[in-house]
Amino acid sequence: MKREDLIHPFVSGNKFRKLKYNLLEAKEQKKEILLTFGGAYSNHIAAVAFAGQQHGFKTIGIIRGEELGSQQDLNPTLSFAKSCGMQFEFVSREAYRLKSEESFIQDLRDTFGDFYLVPEGGTNALAVKGCQEILTEQDAGFDFICCAIGTGGTISGLINSAYPHQKVLGFPALKGDFLNDEIRIFAQNENWKLISDYHFGGYGKVNEELIAFMNHFFSTTQILLDPIYTGKMVYGVLDLIANNYFPSGSKILMIHTGGLQGIQGMNEKLSRKNVLTINVNV
């Protein structure tokens, strides 16, 4: 396992990679404001808020769900982002679907001024450039590179930088086949495949089987996984191994993309349901 989660305590894993060149570009364009999009427990929102504060940007988060406006101080992710100085604009789910429309973005510019736009999840060409730096020469000995997928930026970078003999396997956290098209926007090679059997019902969905697996993995390895992305990916890889998916002798590298800040919020939701929670104590 490649521990990208250890890169930075608050901007960990793929968020660090995705923001690296976007922050440099924002500075180059002399922008003073970063504006981005995300949900209530978004790793991306938390990362942009902290990175913006550290690099001298004002940050604005367009948050999916009008009802969250009165709950932001009860949500660990939004509370953290707010403590980093992020300003929120809560919009309806209907309005949020327009986030890529030029008219919607222009309305935001009219409201907030001349900002640098960071897409939802951070995925754009500069983000993919950063994610291409995840793999190094030390990883050349692996046959399979495995990672979780949200918006497709991380796997696109891995696809572009993988060696010719390597196969990149992506484990989507969302239902649907639309990611194939999203990935092909940025990925130049055909050395990849999506494994769509381990989303556990869709984005943000978990069950006790997944939580129990994560807790067992943590107790035996002392490696904490997150329930939205890496938990599902690691479950999937180990299940594929158990079912002889990989050729004998294969060397498999799993990319830990971080996302651990979301555990607190997930545990609060699980506690309210009086079900198994994620163990974070060794």
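Residues numbered from 1 in each chain as written. Predicted model: local features only at pLDDT ≥ 70, side-chain atom pairs only at ≥ 80, totals over all residues. Heavy atoms only, no water.

K.L.:
Help me out: how do you make sense of the overall build of the protein in this one?
P.N.:
Within the protein, the secondary structure is distributed over 11 helices and 9 strands. Relative to a compact globule of 282 residues, whose C-alpha radius of gyration would be 19 Å, the protein shows 19 Å and is just as compact. On the principal axes, the C-alpha backbone points of the protein span a range of 60 × 45 × 30 Å. Taking all contacts inside the protein whose residues are at least 6 apart in sequence as the whole, residues at least 24 apart take part in 74%. For the protein, the exposed surface amounts to about 13,200 Å²; the carbon and sulfur share of it is 49%. (Helix = DSSP H or I, 4+ residues; strand = E, 2+ residues; numbered from the N terminus. Rg over C-alpha atoms; globule rule 2.2 N^0.38 Å. Contact = heavy atoms within 4.5 Å. Areas by Shrake-Rupley, 256 points an atom, 1.4 Å probe, with all protein chains shown as cover.)

K.L.:
Would you mind going over the packing of aromatic side chains with me for this structure?
P.N.:
Pairs of aromatic rings are described using the distance from one ring centre to the other and the angle between the two planes. According to the stated counting rule, one finds 13 aromatic pairs in the structure shown. Taking the centre distance of 6.2 Å and the plane angle of 45° together, the rings of Phe171 and Tyr198 count as tilted. One end of the pair, Phe171, is in strand β7 (residues 167-172); the other, Tyr198, is in the loop between β8 (192-194) and α9 (208-221), and 27 residues separate them in sequence. Side by side, Phe171 and Tyr198 carry an identical accessibility label, which is buried. A centroid spacing of 5.0 Å and a plane angle of 80° characterise the contact between Phe200 and Tyr235, whose relative ring orientation is edge-to-face. Here Phe200, found in the loop between β8 and α9, pairs with Tyr235, found in helix α10 (residues 230-242); they are 35 residues apart in sequence, far enough to count as distant. (Phe/Tyr/Trp six-rings, centres within 6.5 Å; stacked < 30°, edge-to-face > 60°. Buried < 20%, exposed > 50% of the residue type's maximum accessible area, 1.4 Å probe, protein only.)

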